[in-house]
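Coordinates in review
Chain residues, written in single-letter form:
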Amino acid sequence: MTQPKVYAQPNLITPNRPVIIDPEVCTGCNLCVEICPSDVYIPNPQKGKPPIILYPEECWYCGCCLMECPLHDKGANKLNWPLMQRMRWKRKETGEHFRFGMPNPPPPNKRPMV
Ligand code: SF4
Ligand code: SF4
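Values in this document were obtained by computation on a predicted structure and should not be read as measured data.

1. Overview of the overall build of the protein chain
- A count of helices and strands for the protein chain gives 2 helices and 6 strands.
- Going from N to C terminus, the protein chain has its helices and strands arranged as β-α-β-β-α-β-β-β.
- The dimensions of the protein chain, computed from C-alpha atoms along their principal axes, are 75 × 30 × 20 Å.
- Taking all 114 residues of the protein chain together, 28% fall into the buried category.
- Across the protein chain, the fraction of contacts at a sequence separation of at least 24, relative to all contacts at a separation of at least 6, is 46%.
- Element-wise, carbon and sulfur atoms account for 58% of the exposed surface of the protein chain, whose accessible area totals about 9400 Å².
- Here the protein chain contributes 14 positive and 10 negative side-chain charges, whose respective centroids are spaced 9 Å apart.

2. Considering the site of ligand 1
- In the neighbourhood of ligand 1, the contacting residues comprise Cys-36, Pro-37, Val-40, Tyr-41, Cys-59, Trp-60, Tyr-61, Cys-62, Gly-63, Cys-64, Cys-65 and Leu-79.
- Tallied by class, residues from the shell around ligand 1 come to 11 nonpolar, 1 polar and no charged.

3. What to know about the confidence of the model for the protein chain
- Confidence in the prediction of the protein chain, expressed as mean pLDDT, is 86, and 91% of residues score 70 or more.
- Ranking the helices and strands of the protein chain by mean pLDDT puts helix H1 (residues 31-35) first, with 98, and strand E6 (residues 97-99) last, with 79.

Thresholds, definitions, all that
- Residues numbered from 1 in each chain as written.
- Chains lettered and ligands numbered in written order.
- Predicted model: local features only at pLDDT ≥ 70, side-chain atom pairs only at ≥ 80, totals over all residues.
- Heavy atoms only, no water.
- Helix = DSSP H or I, 4+ residues; strand = E, 2+ residues; numbered from the N terminus.
- Buried < 20%, exposed > 50% of the residue type's maximum accessible area, 1.4 Å probe, protein only.
- Contact = heavy atoms within 4.5 Å.
- Areas by Shrake-Rupley, 256 points an atom, 1.4 Å probe, with all protein chains shown as cover.
- Lys, Arg positive; Asp, Glu negative; His and termini not counted.
- Charge placed at Lys NZ, Arg CZ, Asp CG, Glu CD.
- Near = heavy atom within 4 Å.
- Nonpolar A, V, L, I, M, F, W, Y, C, P; charged D, E, K, R; others polar.
- pLDDT = per-residue confidence, 0-100.

Here is the structure:
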């Protein structure tokens, strides 16, 4: 009896890409596939190629795949935050802009609650 073939395609209906993988850097080790708690990825059937993001809408933006990736510091992968999570704020006195994850964020707000 012949085995049925199974095909996997990236979800084309939701073009959102929660993680951007640089195919020039990624070695296809699939550590990110293993660690993802939400099973966003599947391994690429072509050995050595980046994993396929099959369920982008399932991503929690937890960052586990970035922390697990041995080549993250070399630019293998990065999170592609949705617009609503790209919060930033501005200090009125100086005009400085701040956002999450920046190395020198402003001090915490210690004003009393009103
Ligand atoms: S950020 Fe978290 S949920 Fe999203 S793909 Fe990476 S490990 Fe999976
Ligand atoms: S862990 Fe990094 S190098 Fe390995 S497959 Fe994922 S993105 Fe590519």
